[in-house]
Each structure stands twice: as structure tokens, then as C-alpha cells.
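A closer look at the structure
What follows is the residue order along each chain.
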Amino acid sequence: MRERILILGGVAIFLVLFTYPLWHAAAVSTRAKPPQLELPAEARECVAPIPYMRRAHMQLLIDWRENAVRHGLRRVHAANGKEYDASLTHTCLGCHSRSNFCDKCHSYSGVSAPSCWQCHNESKVIPGRMQ
Amino acid sequence: MTITRKQFLKFAAASLVGAAGAKLVSGAEVVKQAAASKNGKRWAMAVDFQKCRWDQGCNQCSAACNRAHNVPDIPDKAHEVKWIWKEKYQTVFRQQSEVVNPALTSHPLSLLCNHCSSPACTKVCPTGATWKQEDGVVMMDWHRCIGCRYCMAACPYGSRSFNFVDPRPYVANINPDFPTRTKGVVEKCNFCNERLAKGQIPACVEGCSERALTFGDQNDPASEIRRVLASRYAIQRQPELGTGPSVYYLI
Amino acid sequence: MFEKALVGSRRYWLWVSALLVLIAIGAIFYLRQLTYGLGVTGLSRDVTWGLYISQFTFFVGVAASAVMVVLPYYLHDYKQFGKITILGELLAVAAVTMCMLFIFVDMGQPARVMNVLLHPTPHSMMFWDMISLNGYLLLNGVIAFATLSSEKKGIATPHWVKPFIYLSIPWAVSIHTVTAFLYSGLASRPFWMTAVLAPRFLASAFASGPALLILLILVLRRTTGYDPGETALGKLKTIMTYAATISVFFVLMELFTAFYSGIPEHREHFEFLYVGLDGQNGLVPWMWISTILMVAALAMLYSQRAGKKILAASCVCIFISLWIEKGMGLIIGGLIPSALGIVTKYQPTMPEWGIVIGIWSIGTLMVTVFYKITVGVRSIS
């Protein structure tokens, strides 16, 4: 009989602790803020439609990389009809800032791999380089 | 409907084969495209080391290369990274030094990747991180390299360097137009492939004020390098190994 | 049956704890290497492979030597090896695991190791080495597990195990041949580029592997009473003796070719190892110790005395001698002097040794646990 009280009590304490994230967040009524991305100042158009970029920018980066490095195809024809240089530093960082754009989501969601910045430069692009 | 284990395994195997096959086919397409654009070139370099002034303090070639490619300057010689560097004639052509004209052998010369036509390094790379491009340049893909250093063991010329440590702290002024590398990958001269793509000559060739380095398309009979090779006798490093180097040392 | 490894004497647990401590130390050193890079080792631009790869090369041989006990028993019905084959197979599993760990810690970008499989390169011997090592691990793991678990249940080993066993025999030879091919196809390294390298590897493997196996059996006999019998031990000793003799013969062949031809690129590596070159003679005492140990071992083995102490001593001598020859002489000797004839000193650092000892301890722990299980299963049946 005594054991039953102890067991049920233990289970109850466990459930309380286990569901802590749910009831504590509700009680304190704060919500995690989604990351605030700083959009590029000048460019109005991305190299691909935004829903596609949200979903598959990783694949686009890999495709650009493989084609540029392994097949020497450094000029890409984007979906919007324009031509771009397949360069992380010059094209992508030509519009976006690593700390105010890329890192905002990547830090929030804890996605660190692959590590581009160990090798690729973040310095500001020379004006007029991107077409 | 129930599926037996045997059927499932058969299906899984077939899917694997299909997926691998598809990847092979798509890979082949891109390569064919790239091959067509290289136009049968074979890049080569001739080193007129009798014009070289390494022994008088000049290092324009390696300085230009290191600047262009963010090659680190690491004080610990064991971990040094070098793409083009100086060496004594007697060290490079050990078995041909004894009675050769000292006016010739007293000059230092520049060593770099020989961009062989039958490279030993690309043969042994287990991931395809180094391969031979159609135009003769032996390329490195630093995204794929696992740092096994098999290519370093295979290279008969000692042309390759490994990043034993993170190189970034040892690069004085990072050139934003070219990436640095990270620790754990192998690197070497890339014949300035990124400059060749824009119609420029390699940085070392441009940087040498003595015009000791000649660069060009070996397959073009009208190129300057062919003219130079026709007018001077040239030797190569260890040609008996069958690697087919593309770097010539002019006598 | 794995629970057999969780019950043991105080001595057993002290041993396991000591190994776990060494493994932990190795792990900490490896974390340092991951953070800082391979610069924590004594490797250099010229001597780009060192202790890690040499240990891999040596233990591939030990792994391959399982074929020396499997082949007589299964192909020739040599019943006297009945209590040894499982020990050989389990030793192979531990040795191959150590090999793969040694390769893993040697890589500059280990997180990318799957690139070898994602982008297959049939022209590279390292690709085939990965395939063959993993295959061998799988083969022996399956065979040993199936054998032991059916023994535990008191039934005969199922039929489907037989083809795996037959496959493991040529596969064992292939893992060490492929490993030799890593080196013997390189035009850049005259010390390695010799057709006799693969036969040399196999001969030294079939000497060092049985040497280790005999020592392990002697330890097992002392600690658990598990006794495969004097005939089996005697046969293993014979195999080890002849293999060691052939291995010495191959070394002498190499010395003749190098020194009679006099080609500097061939000769200099042997000079560096045995007498020193350009003022560097760090490996000279080791190579001579290796030679003396081998001579002593063969003298003991070929003499008429057949005592137990002779057996243990000669096994220790052969194992250490071949470990020095392969684990220190072969890889480092191949890279010094460099392709340009330059002699660079290589001295493994403390982190390097720490990681090596950690991996040795992992292998030793695996052998301990496997043999504990085996003895536990067999003492019931």
C-alpha cells in the first residue's frame, strides 16, 4: 500500500518535470522570437525564387560548388534569366551579410555544418563585381 | 498486401543500383560539357633558371603566388605550406650534378606542382578530391579532401603540402578573391586555374621581373612555350617515372 | 552471451578498468588533435605518415593471420585446431577494428570519411582497402558470433556460415595484399615499390599473428584453464617459425637488391634505418634490436629445446621484432629520405603515443571481452 503511494507520487513528479517546457513556457507567456533577418539593401531579386531558396539553398550551394570547382562552370544562368558568378564571397555575400542574415537562422536552429567560413572569406565585395 | 523479406531486399538492392546508375549518368553529362570547353589545351611551364635570382634575395614568384592564394607563412618548417619555392639545382637534379657546368648548376630554381599528364597523386586519391582537368591542370577540391595524405606519399616531386594546423592566423593579408584553406586538407599549386579561367597567366609568371617563367599551351604549335622548348634543351624532373610532367627546366 | 563479460574476478575488473583509463586518456588526446589539427603529432611535410599508419599496417597483418588457423581446420579437417579457430577469428575482429581506428585518427578531415564510399574511386588502392577491411570485419564478426551463439545454444553451427568461412580465407590474404598495394605501387617511394612487399607483408603477418595468438593462449591457459592442447600450440609454433624464417629471407633479398645495385634512391633508405644518414640515426638502435630479437627467437625455435619458457620468450621476441620492423621501420623508412633526398627527423609526440596506446587498449579490451565470452560459453558446453 505504501509502495503504491510512493510509486504514483514518483510518476507524478516525473510527469511534471518531463512536461516542464510546455507548462513553464505557457505560464511565463514568452514565446521564442523567430530570427529577424536583415534583407539586402539594394538588390530586390534573389538568384532563385524565395520559397525555393528557403527550402533548398543548401542544394543550390552544393550544385554551384560542384559545377564551379569540379567542372569549371563558374557562370550560372539563374531561374530569373540573369547570369551570376558562382561565388559564395562575391555573389551570395554581395547581397547578404553573414552575421545579419545567414547566421541569424543558422544560430537559431543550431545548424552549423558544413562550415563555409573556415575557408571562404566574408570581406565585403568590391562594388560592381556582381552582375 | 504483405511483402516478404526476400522481395523487400530485392527491391532495396534494385533501388540502390538504380540510384547509383542515375548518379553516374548525370555526372558524366556535366563532365562532357566541361570537356568540350577546354579545347584540347595542355598548359605547361618552362623555367629558365639561369635567369633566376633566388640566390640574390628575389622571391617574386612565390610572393606573388602566396599573395594571390592566401598561402600561409608558418614558421615551423615541419608544417610549412608551399606552392612554389626555391631549391638548389643539386638537390633537384641529384644524379645529374657531378660534372655538369657549375655556371649552370650554381643557380637555384623554382619547384612547383608539375601538373603531370599521368599523375601519381590523382591515381591514389580515394575520394576524387584531386583529379586531372582536361586542360592539363591537376586540380584540388578542398571540400572533398579527407586529409589522408596518400597523394603526398604518391607525389615523386614533393609538390604537396598538408595543413597540419589552421592556416588563417599565418596569412598576413587575406586576398578576398580566393578562399583560404582549413586544417586537415592537402594543397598545392593549381596553375592559377582561377586566373586561367579569366584569360590571365599564372601569378608567378606575371610576378617574375626577369621573365624566367614561360607559360602557355603546349599543344599550340604557335605558343611561346613551344618556341622556347624548340630553341633550348630542356630537362624534367624524374621523367623515367612516366608521370609526364608539364614543367620544363631550360638548359 | 555477452553477459559472460560482465561477470568476473577482481583481477579481471582491475584489468578492464586500467584499459578504460588508457582509452579515456587516448580519447582526450584525440580531442586535442581534432581541435588543433595533426600539428600535435610529430608528422611533417616530408614525413607525412608515421606512427598511426605504421600501426595500421602492422595490425592488418595480425588480422590476416587468422587464416593460418582457419584454413587448416576448415579446408583440411585439422581437428586439433578446434579450440583455436574462434580465438583467431576474434583476434582478427579486434585487430581490424584497431586498423580502422588508426586510419580514422590519421585523417585530417575525419568527418568526411564517408566521401570514400560516396565517391568511389576504383583506381585508388585506399578505396579497395576500405572495402576489404570492412568486409573482413563483417565476415569474421558474423562467423564468430554465429559460431559462439550456436555453441551456447548447444546446436551445430548453421550451414550458411560455411560459405562465409570459406570466403574469409582468400579475403584474409587479400586484406594484407591490398594494404601492401597501397605502398608497392608508388613510383615515388623506391623503398616501398618492390614486388616482394606483399609477400613480405604476408610472411611477417603469419609470423607475428600466430606469435600473438600463442601468447594470448598461454595467458588464457594461466588465467582460465582454457587449453587448446599441446599439438595445436606446437603446430602454431611451427607455422610461426617458418613464416618468420621466410620473412627474414625476404629482408635479406631486399638488402641485396638495394646494396648490390647501389642505386642511391634504393640504398639510402636502408642506410638511414641501419646505420643512419646525414647525421640522423634515431631509428638505428631500434632496427638492430629488431634484428637481434629475431635472430634470438629463431635460434631458440630451431634449437632442440622445446620448453614452455622458450615458446613464450620466442613469441615475445618475434612479435616485438616484427612490430619494430613494420611498425617503425617500414613506413618511416619509406619516407626518409624524402623524394628530394632530404632527411627530416620524425619523433612521435606524447599526444601521438597517447592516441596509439588508447587504440591498442581498445583492441586489448575487445580481445579480453571476446575471450571472456568464449571461455564462458565453452566452459558450459
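Residues numbered from 1 in each chain as written. Chains lettered and ligands numbered in written order. Predicted model: local features only at pLDDT ≥ 70, side-chain atom pairs only at ≥ 80, totals over all residues.

**Notes on the overall build of chain C**
On a plain count of helices and strands, chain C comes out with 13 helices and zero strands. Seen through its principal axes, chain C has C-alpha atoms that stretch 65 × 55 × 40 Å. Counting over 381 residues, chain C shows a buried share of 48%. Taking contacts inside chain C between residues at least 6 apart in sequence as the whole, the part at least 24 apart equals 79%. (Helix = DSSP H or I, 4+ residues; strand = E, 2+ residues; numbered from the N terminus. Buried ≥ 20, exposed ≤ 12 C-beta atoms within 10 Å, placed from the backbone. Contact = placed C-beta atoms within 7 Å.)

**Topic: the overall build of chain A**
When its secondary structure is counted, chain A shows five helices and two strands. Mapped from its N terminus to its C terminus, chain A presents α and β elements in the order α-α-α-β-β-α-α. A compact globule built from 131 residues would reach a C-alpha radius of gyration of about 14 Å, whereas chain A, at 23 Å, exceeds it by more than 25%. Considered along the principal axes of its C-alpha atoms, chain A spans approximately 80 × 30 × 25 Å. Burial status across chain A gives 9% buried among its 131 residues. Excluding contacts between residues fewer than 6 apart, the proportion of contacts in chain A whose partners are at least 24 apart in sequence is 63%. (Rg over C-alpha atoms; globule rule 2.2 N^0.38 Å.)

**So, the packing of helix H2 (residues 51-64) of chain C against helix H7 (residues 161-184) of chain C**
Residue and element names in this part refer to chain C. At a minimum axis separation of 8 Å, H2 and H7 run at an interaxial angle of 165 degrees. By the angle between their directions, the pair H2 and H7 is classed as roughly antiparallel. When you trace H2 past H7, the crossing you get is left-handed. Between H2 and H7, the contacting residues are Thr 57, Val 60, Gly 61, Ala 63 and Ala 64 on the first element and Ala 172, Val 173, Ile 175, His 176 and Thr 179 on the second. Looking at the contact of H2 with H7 residue by residue, the classes come out as six nonpolar, four polar and no charged. (Axes fitted to C-alpha atoms, helices over the stretch in contact; angles between N-to-C directions. Parallel < 35°, antiparallel > 145°, perpendicular 65-115°, else oblique. Left-handed = near helix turned anticlockwise from the far one by under 90°. Nonpolar A, V, L, I, M, F, W, Y, C, P; charged D, E, K, R; others polar.)

**A few points about the interface of chain B and chain C**
At the junction of the two partners, chain B supplies 37 residues and chain C supplies 31 residues. Split into classes, the residues belonging to the side of chain B that touches chain C amount to 21 nonpolar, nine polar and seven charged.

**What about helix H1 (residues 10-36) of chain C?**
Residues and elements named next belong to chain C. An ideal rise of 1.5 Å per residue puts 39 Å on 27 residues; H1 measures up with 39 Å between its terminal C-alpha atoms. What H1 keeps buried is the set Leu 19, Gly 26, Phe 29, Tyr 30 and Gln 33. Phi turns positive one or two residues past the end of H1, at Gly 37, with a value near 110 degrees. (Expected span 1.5 Å × (residues − 1).)

**Focus: the nonpolar core**
One finds B:Val47, C:Ala63, C:Leu90, C:Leu91, C:Ala95, C:Cys99 and C:Ile318 to be the most contacted residues of the largest nonpolar core, which totals 176 residues. Residue contributions to this core peak at 15 residues, all from helix H4 (residues 85-106) of chain C. Sequence-distant contacts of C:Leu90, defined by excluding residues within four places in its chain, comprise C:Ala144, C:Val367, C:Phe370, C:Tyr371 and C:Thr374. (Core = buried A, V, L, I, M, F, W, Y, C linked by C-beta atoms within 7 Å.)

**Here we look at the confidence of the model for chain A**
Residues and elements named next belong to chain A. With 90% of its residues at a pLDDT of 70 or more, chain A has an overall mean of 84. Between the elements of chain A, mean pLDDT differs from a low of 84, seen in helix H2 (residues 20-28), to a high of 94, seen in helix H1 (residues 2-18). Contacts of residues 125-131 to residues separated by more than four positions or lying in other chains number 13 contacts, the stretch itself having pLDDT below 50. (pLDDT = per-residue confidence, 0-100.)

**What about the confidence of the model for chain C?**
When pLDDT is averaged across chain C, the result is 95; 98% of the residues are at 70 or more. In the predicted complex, the global pTM is 0.89; the interface-specific ipTM is 0.94.

**Remarks on the packing of H2(C) against helix H8 (residues 197-224) of chain C**
Residues and elements named next belong to chain C. Packing of H2 against H8 brings their axes to within 7 Å, and their N-to-C directions diverge by 70 degrees. Comparing the axis directions of H2 and H8 gives the class roughly perpendicular. Contacts between H2 and H8 pair Gly 61, Val 62 and Ala 64 from the former with Phe 201, Ser 204, Ala 205, Ser 208, Gly 209 and Leu 212 from the latter. Residues that form the contact of H2 with H8 fall into these classes: five nonpolar, four polar and no charged.

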